[in-house]
Amino acid sequence: MTDQQYIHRCIQLAQNGLGTTYPNPVVGSVIVYNDRVIGEGWHVRAGEAHAEVRAIASVKDKQLLSQSTLYVSLEPCSHYGKTPPCADLIIAHRIPRVVIGCTDPFAKVAGRGIEKLREAGCEVVVGVCQEECEALNKRFFTFHQKKRPYIFLKWAETRDGLIAPLHKQEIAPQWITGAYARQYVHLLRSTEAAILVGAGTVWADNPSLSTRSWYGKSPLRVIIDPRLSTRKDFNVWNDEVPTLFIADRDYKGVRHFGQRTEVACIDFGGEVLPQLCKVLYEREVQSLIVEGGAHTLQQFIKADLWDEALVFRGDTVFTNGLKAPQLSHACLHSVESFPPDFLMTMINDK
């Protein structure tokens, strides 16, 4: 197998940690001796062993390490955090060759791990499948380089381009997509750090914004509600999931409503979304799903504060209703099928 193939395996392993490693990146590692994989590992969650540590620990005969190549999707750390430096462990086991997918943008690493390995005499190859490795940690990279979360816009639209009917049904919701697509949305929620809606969506739909149809932790609920006007009997106030209300700076009331529900204030007389991103950055929120409504989604589009748009196209027709948001400078990345619906993933190519 080639270096590229082994890095692809690192990427596969790393994806097992998606949604559980925040605020750390997802990382996979493989150790190869004489074209044979003798160890594998990935980072499971923050505070626990990193991918390289797990891969080394999985090798039964440690004497082989001094004749092996270690592959890793992201540069090994060189600093003491909650765990010791991975670069030091690699050096201690005298692993002679290290192949790295991409460098780490985190200020405490940022090339220092590579430098430490080379100074110790390791042969270090950097940039194998670099674009794929950077895409793997698009949340982590965006957070550290742009000082904001990686932002997904998500909505469902009918075949005629509408996201809501003209007249809302009082008896039951009018679903645009089927059960498979709706379950997939819950999978998405389980992998991201936060989910956002405006107060209008809370009033209209009383959403839970939790991960109910998939295994995994529910994301932080973020509600833009300048006057905290939403009723306290709505689901977003139940304190069952960590929740952050974004209110106007003039709000002088209580800042904590239960153990997991709090209020952060910004100036709604200024540019709201950059302030919102700053609040989330300060809370180490690396990814955000914006679910609506249409006005909120369009505000993110207008401000050019989005990275991916996840557009579910249902087989439903409303004829009259609220038009779906309109993207600018978007590039179609992929199309997935959830019969009878499909998902178009658009990338901001600006």
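Residues numbered from 1 in each chain as written. Predicted model: local features only at pLDDT ≥ 70, side-chain atom pairs only at ≥ 80, totals over all residues. Heavy atoms only, no water.

### Notes on the UniProt feature "active site" (unreviewed entry) in the protein
Part 1: The UniProt feature table records "active site" (unreviewed entry) at Glu-52.
Part 2: Relative to the helices and strands, Glu-52 resides in helix 2 (residues 51-57).
Part 3: Overall, Glu-52 belongs to the buried group, its relative accessible area being 4%.
Part 4: Among all residues touching Glu-52, those that are not within four sequence positions of it are Ser-29, Leu-70, Val-72, Leu-74, Pro-76, Cys-77, Cys-86 and Ile-90. (UniProt positions renumbered as here; feature names shortened; annotations may be inferred. Helix = DSSP H or I, 4+ residues; strand = E, 2+ residues; numbered from the N terminus. Buried < 20%, exposed > 50% of the residue type's maximum accessible area, 1.4 Å probe, protein only. Contact = heavy atoms within 4.5 Å.)

### Comments concerning the nonpolar core
Part 1: Counting 40 residues, the largest nonpolar core has Ile-7, Ile-31, Leu-70 and Tyr-71 as its most contacted members.
Part 2: Ranked by residues supplied to this core, first place goes to helix 1 (residues 3-14) with six residues.
Part 3: In terms of nonpolar packing, the next biggest core, distinct from the first, is built from 33 residues, Leu-153, Leu-276, Val-285 and Ala-324 among them. (Core = buried A, V, L, I, M, F, W, Y, C linked by side-chain atoms within 4.5 Å.)

### Some words on the packing of aromatic side chains
Part 1: Counted according to the given criterion, the structure contains ten aromatic pairs.
Part 2: Each ring, one from Tyr-6 and one from Tyr-71, has its centre 4.9 Å from the other, and the planes form 35°; the classification is tilted. With Tyr-6 in helix 1 and Tyr-71 in strand 3 (residues 69-74), the pair connects residues that are 65 residues apart, well separated along the chain.
Part 3: For Tyr-71, a relative accessible area of 4% puts it in the buried group.
Part 4: With a centroid separation of 5.0 Å and an interplanar angle of 75°, the aromatic rings of Trp-237 and Phe-257 are classed as edge-to-face. Here Trp-237, found in the loop between strand 9 (220-224) and strand 10 (243-248), pairs with Phe-257, found in the loop between strand 10 and strand 11 (261-266); they are 20 residues apart in sequence, far enough to count as distant.
Part 5: Taking relative accessible area as the criterion, Trp-237 reaches 8% and is therefore assigned buried.
Part 6: Overall, the relative accessible area of 25% leaves Phe-257 in the partly exposed class.
Part 7: Counting every residue linked through ring pairs, the aromatic cluster contains Tyr-184, Phe-312 and Phe-338.
Part 8: A cation over an aromatic ring shows up here: Arg-182 above the ring of Trp-175, its NZ or CZ 4.4 Å from the ring centre.
Part 9: Above the plane of the ring of Trp-237 lies Lys-232, whose end atom (NZ or CZ) is 4.5 Å from the centre. (Phe/Tyr/Trp six-rings, centres within 6.5 Å; stacked < 30°, edge-to-face > 60°. Lys NZ or Arg CZ within 6 Å of the ring centre and 35° of its normal.)

### A closer look at the domain arrangement of the protein
Part 1: Domain annotation of the protein identifies domain 1 (3-140) and domain 2 (147-348).
Part 2: One C-alpha centre belongs to domain 1, the other to domain 2, and the line joining them spans 35 Å.
Part 3: Listed by partner, the interface residues are eight residues for domain 1 and ten residues for domain 2.
Part 4: When the buried surface of domain 1 facing domain 2 is broken down by residue, Tyr-22, Lys-138 and Arg-139 rank first, second and third, together holding 64% of it.
Part 5: Taken together, the links from domain 1 to domain 2 amount to two salt bridges.
Part 6: For Arg-139, the salt bridge is made with Glu-192, and the minimal N-O distance between the two is 2.8 Å.
Part 7: For the pair domain 1 and domain 2, the interface holds five residue pairs in polar contact (both at pLDDT 80 or more).
Part 8: Of the residues belonging to the side of domain 1 that touches domain 2, the class tally is four nonpolar, two polar and two charged. (Domains from an automatic or database assignment. Buried area = accessible area lost by both parts, 1.4 Å probe. Salt bridge = Lys/Arg side-chain N within 4 Å of Asp/Glu carboxyl O. Polar contact = N/O pair within 3.5 Å; in protein donor to acceptor, adjacent residues only side chain to side chain. Nonpolar A, V, L, I, M, F, W, Y, C, P; charged D, E, K, R; others polar.)

### Re the sheet that holds strand 3
Part 1: The strand order across the open sheet formed by five strands is 2-1-3-4-5, and the pairing between neighbours is mixed. The sheet terminates laterally at strand 2 (36-42) and strand 5 (123-126), the two strands that pair on one side only. For this sheet, the mean inter-axis angle between neighbouring strands, taken without regard to orientation, is 15°.
Part 2: Bridge analysis of strand 4 (residues 97-102) against strand 5 gives four bridges, and the strand direction is parallel. Looking at strand 5, one finds that Ile-100 is bridged to Val-126.
Part 3: Sheet contacts for helix 1: strand 1 (28-33), strand 2, strand 3 and strand 4; angle to strand 1, the most-contacted strand, approximately 140°.
Part 4: Running at roughly 150° to strand 5, helix 4 (residues 112-119) makes contact with strand 4 and strand 5 of the sheet. (Pairing = 2+ DSSP bridges. Axes fitted to C-alpha atoms, helices over the stretch in contact; angles between N-to-C directions.)

### So, the pairing of strand 4
Part 1: Taken across its six residues, strand 4 has six buried, putting it largely inside the fold.
Part 2: Note: strand 3 against strand 4, five bridges, orientation parallel. Pairing of Val-72 across the sheet is with Ile-100, part of strand 4.

### A short note on helix 4
Part 1: All of the buried residues along helix 4 are Gly-113, Ile-114 and Leu-117. Angular distribution of buried residues about the axis of helix 4 spans 100°; they occupy a single face of the element.
Part 2: Tucked into the core, helix 4 has its buried residues touching helix 3 (86-92), strand 4 and strand 5.
Part 3: Downstream of helix 4 by a residue or two, Gly-121 has a phi angle that is positive, lying close to 100°. (Arc of directions from axis to C-beta.)

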